[in-house]
Amino acid sequence: MVKLLNGGRRKGDLMEIKVQNIVASVVTNESFDLNMISSKLEGSEYSPERFPGLIYKLKDPKTAILIFTSGKLVVTGAKTVDKVYEAVDKLQKNLEDIGVKIKGEPQIKIQNIVATSDLHQEINLSVVATTLGLESVEYEPEQFPGLVYRVRDPKAVALIFKTGKVVCTGTKNVKEVDAALGMIKKELKNAGLIS
């Protein structure tokens with residue numbers, strides 16, 4: 001099991017991983033009156049002409065929650081899965097305080113984890129692109145300074161930069177982040193592209 005340290009950091013056998021953002025979808029069995037909620041819920045913003053959902057920002061845990069009339073929510077900004085659950089619990093309590101009761105348990109599903117890591121060495125991205133093949137790599141330096149590497153299993157996308165910094169996205173749990181980044185490092189090592 002992968003263990004995160006220091007609020008989203010993990011030192012593994014292969015590389016240190018820092019979770020930057022977790023996005024989760026939440027389904028409740030409610031419909032929400034966003035006009036009423038925005039008038040009573042401190043810290044909320046609702047401008048339906050610009051965006052169809054209400055935006056509610058929490059300071060602790062530092063997250064933003066999008067609330068939709070349909071009863072669906074999107075939580076973003078959390079650094080751990082526990083913080084996602086904590087944010088939903090806090091929202092539920094704050095809604096109850098203004099008279100909005102959510103019946104039943106909200107169904108929370110992690111949709112995406114964004115994590116960063118560092119290979120601790122510079123990388124020649126042109127060589128990586130030609131060595132690892134076109135089926136999993138996109139590299140157009142005039143469009144974007146990073147190389148886009150698509151991992152098939154687990155399904156993830158990594159942005160690799162010349163500096164050795166890596167951003168991994170598209171995973172649903174930290175084990176997948178660890179596996180994807182570990183596989184990338186192994187492939188780069190096996191091809192002699194990093195030490």
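Quick caveat, the model's predicted, so the values are computed rather than measured. (Residues numbered from 1 in each chain as written. Predicted model: local features only at pLDDT ≥ 70, side-chain atom pairs only at ≥ 80, totals over all residues. Heavy atoms only, no water.)

> Would you explain the overall build of the chain in this entry?
Of the regular secondary structure elements, the chain holds four helices and eleven strands. Considering only C-alpha atoms, the chain reaches an extent of 60 × 35 × 25 Å along its principal axes. Buried residues in the chain amount to 42% of all 195 residues. The long-range fraction of contacts in the chain, counting pairs at least 24 apart against all pairs at least 6 apart in sequence, stands at 57%. Taken as a whole, the chain presents about 11,000 Å² of accessible surface, with 50% of it coming from carbon and sulfur. Counting 28 positive and 24 negative side-chain charges, the chain places the averaged centre of each group 3 Å from the other. (Helix = DSSP H or I, 4+ residues; strand = E, 2+ residues; numbered from the N terminus. Buried < 20%, exposed > 50% of the residue type's maximum accessible area, 1.4 Å probe, protein only. Contact = heavy atoms within 4.5 Å. Areas by Shrake-Rupley, 256 points an atom, 1.4 Å probe, with all protein chains shown as cover. Lys, Arg positive; Asp, Glu negative; His and termini not counted. Charge placed at Lys NZ, Arg CZ, Asp CG, Glu CD.)

> Hey, could you run me through unusual backbone geometry in this one?
Glycine aside, residues mostly have negative phi angles, and peptide bonds mostly take the trans form. With an omega of 0°, the peptide bond running from aspartate 60 to proline 61 counts as cis. Turning to its location among the elements, proline 61 is positioned in the loop between β4 (54–58) and β5 (63–67). Of note, the amide linkage connecting aspartate 153 to proline 154 takes the cis form, showing an omega dihedral of 0°. Tracing the chain through its elements places proline 154 in the loop between β9 (147–151) and β10 (156–160).

> When you look at the pattern of salt bridges in this model, what are you seeing that I'm missing?
A side chain of one charge can pair with a side chain of the opposite charge when the charged atoms of the two come close. Across all of its chains, the model carries six salt bridges by this definition. When the shortest N-O distance is used, the salt bridge between glutamate 30 and lysine 103 registers 3.5 Å. Taken as a pair, glutamate 30 in the loop between β2 (16–27) and α1 (34–40) and lysine 103 in the loop between α2 (81–97) and β7 (107–118) lie far apart in primary sequence, 73 residues in all. Since its relative accessible area comes to 56%, lysine 103 is described here as exposed. (Salt bridge = Lys/Arg side-chain N within 4 Å of Asp/Glu carboxyl O.)

> What am I meant to see in the pairing of strand β6 (residues 72–78) here?
Within a regular strand, the side chains alternate between the two sheet faces. Examined bridge by bridge, β2 and β6 share five bridges and lie antiparallel to one another. Counterpart to valine 26 in the pairing with β6 is leucine 73. The hairpin formed by β5 and β6 contains four residues between the paired strands, and glycine 71 there has a positive phi angle of roughly 95°. (Pairing = 2+ DSSP bridges.)

> For this particular structure, what's the right way to read helix α4 (residues 174–190)?
An α-helical turn contains 3.6 residues, so a residue and the one three or four places further along point in the same direction. For α4, spanning 17 residues, the distance from its first C-alpha to its last is 24 Å, which sits close to the expected 24 Å at 1.5 Å a residue. Taken together, the buried positions of α4 are occupied by Val174, Val177, Ala180, Leu181, Gly182, Ile184, Lys185 and Leu188. In this structure, the buried residues of α4 make contact with β2, β7, α3 (125–132), β9, β10 and β11 (165–171). Structurally, the start of α4 carries an N-cap: the backbone nitrogen of lysine 175 is 3.1 Å from a side-chain oxygen of asparagine 173. Just downstream of α4, glycine 192 is the residue with a positive phi angle, here 75°. (Expected span 1.5 Å × (residues − 1). Polar contact = N/O pair within 3.5 Å; in protein donor to acceptor, adjacent residues only side chain to side chain.)

> Help me out: how do you make sense of the nonpolar core in this one?
A general trend in soluble globular proteins is that nonpolar side chains are found buried together. Among the nonpolar cores identified, the biggest contains 52 residues, and Phe32, Ile65, Ile67, Leu95 and Tyr149 are the most heavily contacted of them. Ranked by residue count, the leading element in this core is α4, at six residues. Filtering out sequence-adjacent residues up to four positions away, isoleucine 65 remains in contact with Leu54, Ile55, Tyr56, Leu58, Leu73, Val74, Val75, Ala87 and Leu91. (Core = buried A, V, L, I, M, F, W, Y, C linked by side-chain atoms within 4.5 Å.)

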